[in-house]
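# Examining the three-dimensional arrangement
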Amino acid sequence: MYRLEVKNITKNFGKTTAVKNLSFNCEEGETITLLGPTGAGKTTTLRCLAGLEELTSGKIYLDGKDISNIPPNHRELAMFFENYALYPHMTVRENMAYPLKAPSRRKEFNKEKIDKRVQEIAELLQISELLDRKPTELSGGQKQRTALGRTLVRKPKVFLLDEPIAHLDAVLRHRMRGEMKSIFQKLGCTVIYVTHDYREALSIGDRILVIRKGELVQLAIAEDIWSRMNNVFVAKLAGDPPINIFKGILHTEEGNFKIELKKQKTDIVFESKKENLKKWEEKEVLLGIRPNNITISTIKKPNSINGTLSAIEAMSSSYEITVSISEGKMIKVKSKINFKDLLNKPIWVNIDSERIHLFNCQDEESIYHGRIL
Amino acid sequence: MQKTDKKSKIKVRLENVNKYYGEKRDIHAVKDLCFHCRDKEFVAILGPSGCGKSSTLRMLAGLEEINSGTIYFGDKNVTNMPASKRNIGLAFENYALYPHLSVYENIIFPLKVKGATDEDIKNNKRLDELIELFKIDKSTLNSYPKALSGGQAQLTSLVRCLIREADVYLLDEPLSHLDEEMRVTMRTTLKIMHNKMKKTFIYVTHDQLEAFALADRIIIMNFGVLQQAGSPSEIYTKPVNKFVASFIGEPPMNFLNVHTEKGDSNLFIHGGNYKLSLSDRFKNKLKPDTKYILGIRPERVHVSSNKNDFSESVMAKVDVFENLGEINQLTMKLGEEIIITEIEPNIKFNQDAEVYIHFDANHMHLFDVNTLVCLDDKF
């Protein structure tokens, strides 16, 4: 039995379909991240799970029990929204204890139990010293933790989190990402977590559910989302700078495969034992290569495209290099070397043909993955 | 990126510039600021909000009076010169587009002011190129600014700035209203334009990634005071104080509380008496019985489950393992201290696993616990 079972749920708003026939299961203690661009239906899905939106069709089961028509307050789910609202007149302790003081919980939680639970969660969130402060005396991160604490005290069966750290500044977001993952693991929480940030999704999720226009595109572990993506959409969603995509024709040549990039006047040659690749012979395919699997040289090498090195952008410990090739197209390269002296000069970009991905040109579905990692 | 040719001439220079605000002049927004930009250089002024970076840019533009000090453009003292005479291109966060002019009229305004005829404008190649590169939607050219989204308005303002033939371009957070994807694309576009135009750019931002990506040199400010001026790699590898060290880098630098003991100049990490191996530059030069802050970048922390992989190491516990696709990230606990490192994507660790950490001794930084100044040069 699954902790949460979502079966063919659909949610229409008038004529628009926000969630379309979505199904997935979530094990107890598992964290699933919902990843997709703005408007993909992530938040609507979460609101359906919480019972804040009525389903147009489909079923939701919690521990095997159909909860599709149960009102939100009886679902044993806890939802955390991005715009946390703490009660300004209450201390951190009072804010955190608030959900436990509901009349329906009076039997379960007496004052002693409430104190103990708040203390326990506060320690985990490292806000024990702040329990007697008011929200106005807290920093952004401390407020965020308090709000998270208020959700965590409840011990619900499933936590639903909607972009909980999206509006924090970069440094804090970075720290909270790791902390949240650690807290979920320690408490053994079952979590559905919505985000548009691929790093957050890969990091926090035991599995990642990629959603586009209300439909499931891929549900897989981080490694597969990164290296065995189902289609171009997933490939582009994860990666910064995003994967480079070229159009070409697949040929076989002396036992090897070759992709002819007509516009770039180059052939990319690679070996593969995958027999089913043969059926794509002489067909148009899309070649995907990540910026960190491309190198730069001043001389022509096999599997290279010529271009002009048009920008170098420093990152913390690497460089993001933009190369202009034919017809105004740009290639992004990630490199440990600066290549400052080659700026505005003609160069070659060398594609590591062992690490390419191929997609069907028509529906952009994946047909081949090169060496993983 | 322009070559930082030491001989190229100085284009903009600030000498002891001060700015006060408030009725009693009690807010000292910019304090004794001195820095320069060379010809064709891209300089970013970086700092948190309220650090004085925008005030500095406005003083350079002549939009804000300076209370004391001097500003030179080349050899010319422009301290009291009005903005209109400084031959500068300006783009601000809040667009400042003319509401009664169409998008197109706004863009060509600087050309018109200089007396360009319709024929000149038609033949202006840069105009088409800028409209194309900065993705100004052709269908919006005849609409008025109020019809634009924040992002579109900002790009219009940026194009209007770059169309001018100016000596110096002053830009204040010109990409801040774009969505993330567009901001990254336009950042690259701006960098390409700078390479093509070969002009001096001064760019204000609070975003370290943006400053790093764009600038030949970065000026870091905090509380109105210049903290450090240098190339991105200088700032990254040789921060002058803990503020600069912590402000730059993602994931951020690790900081550990360390100390030396009496009659011993080896370093120990607080709380666990972990002894650290030190590079020769620190050896025998540390004061005994003294506290320091040790800083080390995540990529300079090496991890293994096998103790024998390192000559010297300390044991830590894995707190969080994160798969980030291209790279994996590990958060570890060493006593009370938290240490973050990046590891290759094919290496995995479980939570609570015991691992051995080796700090790359050549890339440790030591900071004074009181002044937070980096002590590296003292050793």
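Every value quoted in this text rests on a predicted model; they were computed, and no experiment measured them.

All right, on to the overall build of chain B then. In terms of helices and strands, chain B carries nine helices and 20 strands. Viewed in the frame of its principal axes, chain B has a C-alpha envelope of about 80 × 45 × 40 Å. Classification of the 379 residues of chain B by burial places 43% in the buried group. Counting contacts in chain B only where the partners sit at least 6 residues apart, residues at least 24 apart contribute 66% of the total.

Glancing now at the overall build of chain A. A count of helices and strands for chain A gives eight helices and 21 strands. Principal axes of the C-alpha set define a box for chain A whose edges measure 75 × 45 × 35 Å. When the 373 residues of chain A are sorted by exposure, 42% land in the buried category. Counted over contacts in chain A with a minimum sequence separation of 6, partners at least 24 positions apart contribute 66%.

Before going further, it helps to spend a moment on the interface of chain A and chain B. On the chain B side, the residues contacting the 30 residues of chain A number 27 residues. When contributions to the side of chain A that touches chain B are tallied by element, the ones reaching two or more residues are helix H5 (170-187), helix H6 (198-204), helix H7 (222-227), strand E16 (304-314) and strand E17 (319-324) of chain A. Element by element, the count of residues in the side of chain A that touches chain B is highest for H5 of chain A, at seven residues. When the residues that make up the side of chain A that touches chain B are grouped by side-chain class, the tally is twelve nonpolar, twelve polar and six charged.

Attention now moves to the confidence of the model for chain B. Taken as a whole, chain B shows an average pLDDT of 91; of its residues, 96% reach a score of 70 or greater. Reported confidence for the predicted complex is 0.84 by ipTM and 0.86 by pTM.

Let us now look at the sheet that holds strand E15 (residues 301-304) of chain B. The five strands lie next to each other as E15-E19-E16-E17-E18 (chain B), forming an open sheet whose pairing is antiparallel. Each of the sheet's edge strands pairs with one partner strand only, and the pair in question is E15 and strand E18 (337-343) of chain B. Between one strand and the next, the sheet's axes are offset by a mean angle of 40°, whatever the strand orientation. Pairing geometry for strand E16 (residues 314-323) of chain B and strand E19 (residues 354-359) of chain B, over four bridges, is antiparallel. Directly across from Met315 of chain B, in E19 of chain B, lies its bridge partner Tyr356 of chain B. Along the sheet, H5 of chain A makes contact with E16 and strand E17 (328-334) of chain B, crossing E16 of chain B at roughly 95°.

All right, on to the domain arrangement of chain A then. Residues and elements named next belong to chain A. Here the domain parsing of chain A yields domain 1 (4-237) and domain 2 (244-248 + 286-369). The straight-line distance from the C-alpha centre of domain 1 to that of domain 2 is 38 Å. Facing the eight residues of domain 1 at the interface are nine residues of domain 2. For the side of domain 1 that touches domain 2, the leading source of residues is helix H8 (residues 232-237), giving three residues. Among the residues forming the side of domain 1 that touches domain 2, the class breakdown is four nonpolar, three polar and one charged.

Counting 197 residues, the largest nonpolar core has Leu160 and Ile192 of chain A together with Val159 and Ile202 of chain B as its most contacted members. If one sorts the elements of this core by residue count, helix H5 (residues 150-163) of chain B sits on top with seven residues. Those residues in contact with Leu160 of chain A, other than ones at most four positions away along the chain, are Leu46, Leu49, Ala50, Leu77, Ala78, Met79, Phe80 and Ile192 of chain A.

The subject of this paragraph is the sheet that holds strand E8 (residues 200-205) of chain B. Residues and elements named next belong to chain B. Here we have six strands laid out as an open sheet, ordered E6-E7-E8-E3-E9-E10, and mixed in their pairing. If you trace the sheet from one side to the other, it starts and ends with strand E6 (88-91) and strand E10 (225-230), each paired once. Recorded for the sheet is a direction-independent mean angle of 15° between the axes of neighbouring strands. For strand E9 (residues 217-222) and E10, the ladder comprises five bridges, and the chain directions are antiparallel. Residue pairing in the sheet places Asn222 in a bridge with Val225 of E10.

Residues and elements named next belong to chain A. Among the six residues that make up E17, five are buried, leaving the element largely enclosed by the rest of the structure. Of the strand pairs in this sheet, E16 and E17 are connected by six bridges, and their pairing is antiparallel. Residue Ala314 lies in a different strand from E17, and its bridge partner there is Tyr319. Hairpin connection between E16 and E17: a loop of four residues separates the two successive antiparallel strands. Hairpin connection from E17 to strand E18 (residues 330-335): five residues lie between these consecutive antiparallel strands, with Glu327 at a positive phi of about 60°.

What counts, and at which threshold
- Residues numbered from 1 in each chain as written.
- Chains lettered and ligands numbered in written order.
- Predicted model: local features only at pLDDT ≥ 70, side-chain atom pairs only at ≥ 80, totals over all residues.
- Helix = DSSP H or I, 4+ residues; strand = E, 2+ residues; numbered from the N terminus.
- Buried ≥ 20, exposed ≤ 12 C-beta atoms within 10 Å, placed from the backbone.
- Contact = placed C-beta atoms within 7 Å.
- Nonpolar A, V, L, I, M, F, W, Y, C, P; charged D, E, K, R; others polar.
- pLDDT = per-residue confidence, 0-100.
- Pairing = 2+ DSSP bridges.
- Axes fitted to C-alpha atoms, helices over the stretch in contact; angles between N-to-C directions.
- Domains from an automatic or database assignment.
- Core = buried A, V, L, I, M, F, W, Y, C linked by C-beta atoms within 7 Å.

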